[in-house]
2 protein chains.
Amino acid sequence: MMRKFHEITGTETGAVSGEAGTIGTRKVYVTGSRPDIRVPMKEIVQKVGAQDESGTELLKIYLYDTSGPFTDPGAAVNIRAGLPAMREAWIEERHDSMVLSQLSSEYGRQRLAGRVEGGQYFPEERLPRRAGKGCNVTQMHYARKGIVTPEMEYIAIRENQRRESLPELLKKQHPGDPRGTRMPQVITPEYVRDEVAAGRAVIPCNINHPECEPMIIGRNFLVKINANIGNSAMSSSIDEEVEKMIWAIRWGGDTVMDLSTGVDIHETREWIIRNSPVPIGTVPIYQALEKVGGQAEELSWEIFRDTLIEQAEQGVDYFTIHAGVRSNLLEAAQRRLTGIVSRGGSIMTKWCKAHGQESFLYTRFEEICEIAKAYDVTFSLGDGLRPGSIYDANDEAQIEELKTLGELTETAWRHDVQVMIEGPGHVPMHMIQENMDLQLKYCHGAPFYTLGPLVTDIAPGYDHITSAIGGTMMAWCGTAMLCYVTPKEHLGLPDKNDVREGIVAHKIAAHAADLAKGHPGAQARDNALSKARFEFRWQDQFALGLDPERAMGIRKALLPEDAEDKEQYCTMCGPDFCSMKITRSLREGAAGGKEE
Amino acid sequence: MMRKFHEITGTETGAVSGEAGTIGTRKVYVTGSRPDIRVPMKEIVQKVGAQDESGTELLKIYLYDTSGPFTDPGAAVNIRAGLPAMREAWIEERHDSMVLSQLSSEYGRQRLAGRVEGGQYFPEERLPRRAGKGCNVTQMHYARKGIVTPEMEYIAIRENQRRESLPELLKKQHPGDPRGTRMPQVITPEYVRDEVAAGRAVIPCNINHPECEPMIIGRNFLVKINANIGNSAMSSSIDEEVEKMIWAIRWGGDTVMDLSTGVDIHETREWIIRNSPVPIGTVPIYQALEKVGGQAEELSWEIFRDTLIEQAEQGVDYFTIHAGVRSNLLEAAQRRLTGIVSRGGSIMTKWCKAHGQESFLYTRFEEICEIAKAYDVTFSLGDGLRPGSIYDANDEAQIEELKTLGELTETAWRHDVQVMIEGPGHVPMHMIQENMDLQLKYCHGAPFYTLGPLVTDIAPGYDHITSAIGGTMMAWCGTAMLCYVTPKEHLGLPDKNDVREGIVAHKIAAHAADLAKGHPGAQARDNALSKARFEFRWQDQFALGLDPERAMGIRKALLPEDAEDKEQYCTMCGPDFCSMKITRSLREGAAGGKEE
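Here the residue index of a chain counts from 1 through its sequence in written order. Numbering of ligands from 1 and lettering of chains from A proceed in the order in which they are written. Note on the predicted model: pLDDT of at least 70 is required for a residue's local features to be given, and 80 or more for side-chain atom pairs to be given and counted; whole-chain, interface and lining totals, by contrast, use all residues. Side-chain numbers come from the whole structure's heavy atoms, not from hydrogens or water.

**Describing the overall build of chain A**
Then, number 1: What chain A contains, in helices and strands, is 22 helices and 16 strands.
Then, number 2: With a 1.4 Å probe rolled over the protein chains alone, any residue whose accessible area is under 20% of its type maximum counts as buried; one over 50% counts as exposed, and the rest are partly exposed. For chain A, buried positions account for 67% of its 596 residues.
Then, number 3: Using the Shrake-Rupley algorithm and a 1.4 Å probe, accessible areas are obtained, with residue cover drawn only from the displayed protein chains. Here chain A has roughly 19,400 Å² of accessible surface; of this, 49% comes from carbon and sulfur atoms. Numbering of helices and strands starts at the N terminus; helices are DSSP runs of H or I of at least 4 residues and strands are runs of E of at least 2.

The structure is reproduced here in structure tokens:
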């Protein structure tokens, strides 16, 4: 198969004028081996070097772009219509799934039948798709059969970030300390396939979420981050949640979990999925609990099963399943300082105690796999017993649960169902490596997806920072995806601004870990930004940063009103004390007074 | 010498009412072997356990307190009068210094003579103190003579944080990974003395800053943080700077550097020092440069020397001296991506180039030592060649300069002058341990005082977070004090709110590192906070946090208006989905329905 990577088409999104500065930030698409593989990237175009009549030297830098069509001025975005079903053709042409004539979930059908005037329903009523009889539609299944899917090729292009186009200076980087990860210089579609086949990476992409831009989670790829949104009984509306999702991906969220526990869970999720270019995860037990009026003991396998199918047919890409909470661990959990802090874990514990039985998530796990493989829902095996305090870190309850999650991973893999493992929680810095090592050991290399971890308990109001610290360490050790924590953690649900703070903090963590691991090309963005900083190309510096608006806003507010933004000094030190200005003047002096 | 530690007197500062909650946060003083050794601590008094008629069980927890008399309602604070000269008697009774009849610095005398109507002068004109002829007044000098000073005893009490008073549960902690640090269970005054004598720790306390509450910086003690304040040509006033200092220590700044480069440097510093209970550091070359109109080539040893004396007689506790910037390293620095980013380093480079000479900071270093030991000014040997980007991390220029700083350390120690070493800057996570190892090797165990480091360059506007990540790692590896970075780093000077953000981020880093090292008792605060969290004692949880006001404000804003703050669920998940509520109810169920 001939691949013609890197054919780029683009639309100007944020052209900024300026002397020797960014001449534009564009949303571009890199085309793969077929015209419908179009991978979005953010292109930063800088003017650098000599600018005489012979023309300006342009330096283009490509950044990973999670923001979807919302940042493409060429795309017609309409929240009420949802995003284009980009993957529809790929799914259809595999001829292993079919469009159903009605919803398979009883609740889904009741919901549809019981629609009321004035309800906030998503306008289009889609019919869901499901695997054909005897078929398995997971990416892992294809991978194990040796098939390279368009999703895998898309991911390969995306992960490479066009770094071969960079000038040598920007490519230079420190040899990392990979701590067991293997990162090839170039990610090929075949490499993606091999990693998925081996279970070391997952591609969460439900066949009912064709709007999703494929992405991969695995420790031999770029570190990803997840943003949690969702309403609770306390607050929030559908509009707000959709807005938070769009806001989350704008700042770099790679996946979004809808953790709604309040009203309108079904509808909220529909709006989110139809508008989401990133995988959406959920914790189905939350909705199941709402269905039984919040009484955990009223839960049943039948209600849970119907909820899984309901959500799978909406297009949820991954399910958190707390199947590792087993009755033999509850005593160990009761000895803790802070007991069970996972909501799913505590719900299932209550159920087990009330019924004196092993959890149906565990006993029915094979049946859950059957559902997952009919839609390609990835499992995120929940750590219902994750420690909720430094005191409880790496304790018996957590580690024993991890062993169970490892068993369940093998079960899922027998069904070719993709699996990642959720991780703590609260872990002091020096116990993070051990936690990672045990996860790899017990869970056979399945990707780790950790909440932080928080490296101390003493900073309520600032836990995005305690989490970013632990997250950096954890991702360096091999965690594939970090679940963000916002400044409201332990206190309340995040609003839009908290989402931004949480995302940026964890983008920092993920990127710092890529640098530490020595991920090929990771340092290019740092190099480019620092070069722009040293050359007083402010717009370029900001365009390359994680939050251009905030950085630009800070500088603008500090510059004297009459100052041009091309001022050759930093607003921190003022003109006389600008070390970079002094160094540059010395360098120019050495070069005979010429601008270099 | 009989020591009667732990006699506590206190004043109520922030009593908060509440069911089973904090009954008070008090500023208390622990008295040492003599009545004028009164070590401030923040006492959190909680009601816990059974609350029947036999009385309430009180749990008192003591926190390190940097906030000075400003948080003591029993103290009469008046910014125009300055703080009480707490150490005056200790300094006098050593009989090795004398009060001068006039300022020794020519500039100081001119400034005094040239006072103008309406100038912002500190009301009291103090006469400075200086070592007697042939005397050496440094804490290192006393330590090496085997003397335990009141400062050392004060520090021992302060570092122990009364942890012997804690119940066993709170004392429990994970064995740390000390990475070469040795931390005894109890810090004795003799241990403080030994560490200072060995050069592994410094006590910055100029004899002209008797208002200073003694503290120690060394890797075998609690990790400290510094906050930079100071105006620039761009902004800020004296009032603002004094306010920032008070704000900085309120949130936990252990030392404050006044990096003013604008107008009124001398007066700004006087107001700050007279009101500061924490050591004040400066970079004297900044003021020297102001004196020559911002022209680095006009600097001279004479002007610099006079500036050192001027500042030493005001009471500056530590000087950053960029004496390691030597001409043989300038070529290596020019090969960098971002050249020289230290202001002091770039100023001295310019001077060296203009004069074709080695820097006077280096050639006159013995004379600088003579000044330092006459006032007990600690050196903070500046890393003029610290890397300003990930690209330049751990490069030849930095490491070679470190070797020079090691030489200079030995020179200073021959004079019994206290030394710490400033460190980078920008270092990716995986190169931090190496950086620390080289510092220990070349600088003979002198305390490391690092700016961050920032673990990536790509987050302008959020560099307090990139710095807290690197700072945690660096402090775990053995850095004794972290210099904070605020969200405005690279963009502008911090305002009051940035100071708070920067401080809290780095308090998190310092504490997380103490936990990782296994500092005795470090986990007690985490344990107490998490216990309060699990027991829904919201006020206690917040009182134990780094920023009670913020955490309380977030919760208040989210609670329904009619809710009582004693609500037994978390504002994050709402009543039904509160995992802690569920776990607690299960635990109570197991205990026969009784509150435990």
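Now that the structure is up, let's keep going.
**What to know about the packing of aromatic side chains**
Then, number 1: Paired rings are identified among Phe, Tyr and Trp, the last through its six-membered ring, by centres lying within 6.5 Å, and are further divided according to the angle between planes into stacked (under 30 degrees), edge-to-face (over 60) and tilted (the rest). Tallied over the entire structure, the rule returns 20 aromatic pairs over all chains.
Then, number 2: A ring pair is formed by Trp 247 of chain A and Trp 251 of chain A, whose centres lie 5.5 Å apart and whose planes are at 85°; its orientation type is edge-to-face. Each member of the pair, Trp 247 of chain A as well as Trp 251 of chain A, carries the same accessibility label: buried.
Then, number 3: Arranged with centres 6.4 Å apart and planes meeting at 40°, the rings of Trp 301 of chain B and Phe 304 of chain B form a pair that is tilted. Taken together, the positions of Trp 301 of chain B and Phe 304 of chain B, both in helix α10 (residues 301-314) and three residues apart, correspond to about one turn of that helix.
Then, number 4: Look at Trp 301 of chain B and you get buried, because its relative accessible area is 6%.
Then, number 5: For Phe 304 of chain B, a relative accessible area of 1% corresponds to the buried category.

**Describing the pattern of salt bridges**
Then, number 1: We define a salt bridge as a side-chain nitrogen of Lys or Arg found within 4 Å of a carboxyl oxygen belonging to Asp or Glu. Scanning the entire structure with this criterion turns up 83 salt bridges over all chains.
Then, number 2: Between Arg 129 of chain A and Glu 92 of chain A there is a salt bridge; the shortest N-O distance is 3.6 Å. Of this pair, Arg 129 of chain A sits in strand β6 (residues 129-131) while Glu 92 of chain A is found in helix α1 (residues 88-92), placing the two residues 37 residues apart along the sequence.
Then, number 3: Exposure remark for Glu 92 of chain A: the relative accessible area of 43% places this residue in the partly exposed category.
Then, number 4: For Lys 488 of chain B, the salt bridge is made with Asp 495 of chain B, and the minimal N-O distance between the two is 3.5 Å.
Then, number 5: Looking at Lys 488 of chain B, the relative accessible area reads 11%, which means it is buried.
Then, number 6: One network of salt bridges, in which partners are shared, links Lys 531, Glu 535, Arg 537 and Asp 540 of chain A.

**Here's the deal with the UniProt feature "binding site: Zn(2+)" in chain A**
Then, number 1: UniProt positions are given in the numbering used here, feature names are shortened, and annotations may be inferred rather than shown by experiment. Per the UniProt record, the feature "binding site: Zn(2+)" sits at His 426 and His 490 of chain A. Despite a sequence span of 65 residues, these residues sit close together in the fold, their greatest C-alpha distance being 12.2 Å.
Then, number 2: Residue position: His 426 of chain A is located in the loop between β14 (419-423) and α16 (432-442).
Then, number 3: The contact partners of His 426 of chain A, leaving out residues within four places of it in the chain, are Pro 387, Gly 388, Ser 389, Ile 390, Ala 393, Pro 453, Leu 454, Asp 457 and His 490 of chain A together with Arg 533 of chain B.
Then, number 4: Inspection of the secondary structure puts His 490 of chain A in the loop between β16 (481-483) and α18 (496-517).
Then, number 5: Overall, His 490 of chain A belongs to the buried group, its relative accessible area being 15%. Any two residues having at least one pair of non-hydrogen atoms within 4.5 Å are treated as being in contact.

**A few points about the relation of the copies chain A and chain B**
Taken together, a rotation about one axis and a shift along it account for how the two chain copies relate.
Then, number 1: Copies overlap after least-squares fitting; the atoms used are the C-alpha atoms of residues with pLDDT of at least 70 in both. When chain A is fitted onto chain B, the two copies agree to an RMSD of 0.0 Å after a turn of 180° and an axial shift of 0.0 Å. Such a turn and shift between the copies fits a two-fold axis. Closest approach to the rotation axis within chain A is made by the C-alpha atom of Ile 469 of chain A, at a distance of 2.4 Å.
Then, number 2: Both copies present the same face, since 100% of the interface residues in chain A are matched by interface residues at the equivalent positions in chain B.

**Comments concerning the interface of chain A and chain B**
Then, number 1: Listed per partner, the contact involves 108 residues of chain A and 108 residues of chain B.
Then, number 2: The interface formed by chain A and chain B holds zero salt bridges in total.
Then, number 3: What qualifies as a polar contact is a pair of N or O atoms within 3.5 Å, subject to a donor-acceptor requirement within protein and to the restriction that residues adjacent in sequence count only when both atoms come from side chains. Here chain A is connected to chain B by 18 residue pairs in polar contact (both at pLDDT 80 or more).
Then, number 4: Among the elements that make up the side of chain A that touches chain B, the one with the highest residue count is α18 of chain A (10 residues).
Then, number 5: Classes in brief: Ala, Val, Leu, Ile, Met, Phe, Trp, Tyr, Cys and Pro nonpolar; Asp, Glu, Lys and Arg charged; the others, Gly included, polar. By residue class, the composition of the side of chain A that touches chain B is 55 nonpolar, 32 polar and 21 charged.

**Comments concerning helix α4 (residues 150-160) of chain B**
Residue and element names in this part refer to chain B.
Then, number 1: Of all 11 residues in α4, 11 are buried, a share of seventy percent or more.
Then, number 2: Residues Pro 150, Glu 151, Met 152, Glu 153, Tyr 154, Ile 155, Ala 156, Ile 157, Arg 158, Glu 159 and Asn 160 constitute the buried set of α4.
Then, number 3: Following α4 by one or two positions, Gln 161 has its phi on the positive side, about 50°.

**Side note on helix α7 (residues 238-250) of chain B**
Residues and elements named next belong to chain B.
Then, number 1: With 13 residues, α7 extends 18 Å from end C-alpha to end C-alpha; this agrees with the ideal 18 Å at 1.5 Å per step.
Then, number 2: Buried within α7 are the following residues: Ile 238, Glu 241, Val 242, Lys 244, Met 245, Trp 247, Ala 248 and Ile 249.
Then, number 3: The inward-facing, buried residues of α7 abut β9 (224-229), β10 (255-258), α8 (265-274) and α18 (496-517).
Then, number 4: In the stretch just after α7, Gly 252 is the one whose phi turns positive, near 120°. For a helix, the expected span equals 1.5 Å multiplied by the residue count minus one.

**Considering the pairing of β9 of chain B**
Residue and element names in this part refer to chain B.
Then, number 1: Of all the six residues making up β9, six are buried; the element is thus mostly covered by neighbouring parts of the structure.
Then, number 2: Any two strands with at least two DSSP bridges between them are considered paired. Bridge count for β9 against β10 is four bridges, and the pairing is parallel. Considered in β10, the bridge of Ile 229 is made with Asp 258.

**With respect to the sheet that holds β10 of chain B**
All names here are of chain B.
Then, number 1: With parallel pairing, the eight strands of this closed barrel are ordered in space as β9-β10-β11-β12-β13-β14-β15-β16. With direction set aside, neighbouring strand axes in the sheet form an average angle of 25°.
Then, number 2: The sheet contact formed by β10 and strand β11 (residues 280-282) spans two bridges and is parallel. Across the sheet, Met 257 pairs through a bridge with Gly 281, a residue of β11.
Then, number 3: Here the axes come from fitting lines to C-alpha atoms, over the contacting stretch only for helices, and the angles between their N-to-C directions go from 0 to 180 degrees. Strands β9 and β16 (481-483) of the sheet are contacted by α18, whose axis makes an angle of about 160° with β9.

**A look at the sheet that holds strand β9 (residues 224-229) of chain A**
Residue and element names in this part refer to chain A.
Then, number 1: Pairing is parallel around the closed barrel formed by eight strands, whose spatial order is β9-β10-β11-β12-β13-β14-β15-β16. Adjacent strand axes in the sheet meet at a mean angle of 25°, parallel and antiparallel pairs treated alike.
Then, number 2: Pairing geometry for strand β15 (residues 448-451) and β16, over three bridges, is parallel. Pairing of Leu 451 across the sheet is with Cys 483, part of β16.
Then, number 3: Relative to the sheet, α18 contacts β9 and β16, its axis offset from that of β9 by approximately 160°.

**Quick notes on the pairing of strand β3 (residues 38-48) of chain A**
All names here are of chain A.
Then, number 1: Most of β3 sits inside the fold, with eight of its 11 residues counted as buried.
Then, number 2: Bridge count between β3 and strand β4 (residues 57-64): eight bridges; the pairing is antiparallel. If you follow Lys 47 over to β4, its bridge partner there is Leu 58.

**A word on the domain arrangement of chain A**
Then, number 1: Residue ranges assigned to each domain were obtained from an automatic or database domain assignment. With domains assigned, chain A is organised as domain 1 (189-519) and domain 2 (567-595).
Then, number 2: One C-alpha centre belongs to domain 1 of chain A, the other to domain 2 of chain A, and the line joining them spans 49 Å.

**Some details on the side chain of Asp 376 of chain A**
Residue and element names in this part refer to chain A.
Then, number 1: Tracing the backbone through its elements, the reader meets Asp 376 in the loop between α14 (365-375) and β13 (378-381).
Then, number 2: One buried charge, Asp 376, has no salt-bridge partner; the nearest side chain with opposite charge is Arg 87, at 5.8 Å.
Then, number 3: With residues up to four places along the chain from it excluded, the contact list for Asp 376 reads Val 137, Thr 138, Gln 139, Ile 203, Cys 205, Asn 206, Asp 317 and Gln 418. For the charge count, each Lys or Arg is scored as positive and each Asp or Glu as negative, with His and the chain ends excluded.

**So, the confidence of the model for chain A**
Residue and element names in this part refer to chain A.
Then, number 1: pLDDT measures the predictor's confidence residue by residue and takes values from 0 up to 100. Summing up the model confidence of chain A, the mean pLDDT is 90 and the portion of residues at 70 or higher is 90%.
Then, number 2: Scored below 50 in pLDDT, residues 1-6 makes 20 contacts in the model with residues more than four places away or belonging to other chains.
Then, number 3: Reported for the predicted complex are a pTM of 0.95 and an ipTM of 0.94.

**Quick word on the nonpolar core**
Across soluble globular proteins, nonpolar side chains have a tendency to be buried as a group.
Then, number 1: Throughout, nonpolar core names a set of buried Ala, Val, Leu, Ile, Met, Phe, Trp, Tyr and Cys residues whose side chains join them through atoms within 4.5 Å. If you look at the biggest cluster of nonpolar residues, it comprises 310 residues, and the most contacted ones within it are Phe 379 of chain A together with Phe 379 of chain B.
Then, number 2: Filtering out sequence-adjacent residues up to four positions away, Phe 379 of chain A remains in contact with Phe 319, Ile 321, Phe 365, Ile 368, Cys 369, Ala 372, Ala 412, Val 417, Gln 418, Val 419 and Met 420 of chain A.

**Some remarks on the environment of Ser 67 of chain B**
Residues and elements named next belong to chain B.
Then, number 1: Looking at the secondary structure, you find Ser 67 in the loop between β4 (57-64) and α1 (88-92).
Then, number 2: On the accessibility criterion, Ser 67 (5% relative accessible area) is buried.
Then, number 3: Between the C-alpha atoms of Ser 67 and Ala 516, which are 449 residues apart in sequence, the distance is 26 Å.
Then, number 4: Apart from residues no more than four positions distant in its own chain, Ser 67 is found in contact with Lys 27, Ile 249, Arg 250 and Pro 277.
Then, number 5: In terms of polar contacts, Ser 67 uses its side chain to reach the side chain of Asp 65, at 2.6 Å.
Then, number 6: Here Thr 71 takes part through its side chain, which lies 2.6 Å from a polar atom of the side chain of Ser 67.

**Topic: the environment of Glu 535 of chain A**
Then, number 1: Within the fold, Glu 535 of chain A resides in the loop between α19 (523-534) and α20 (538-544).
Then, number 2: Overall, Glu 535 of chain A belongs to the partly exposed group, its relative accessible area being 23%.

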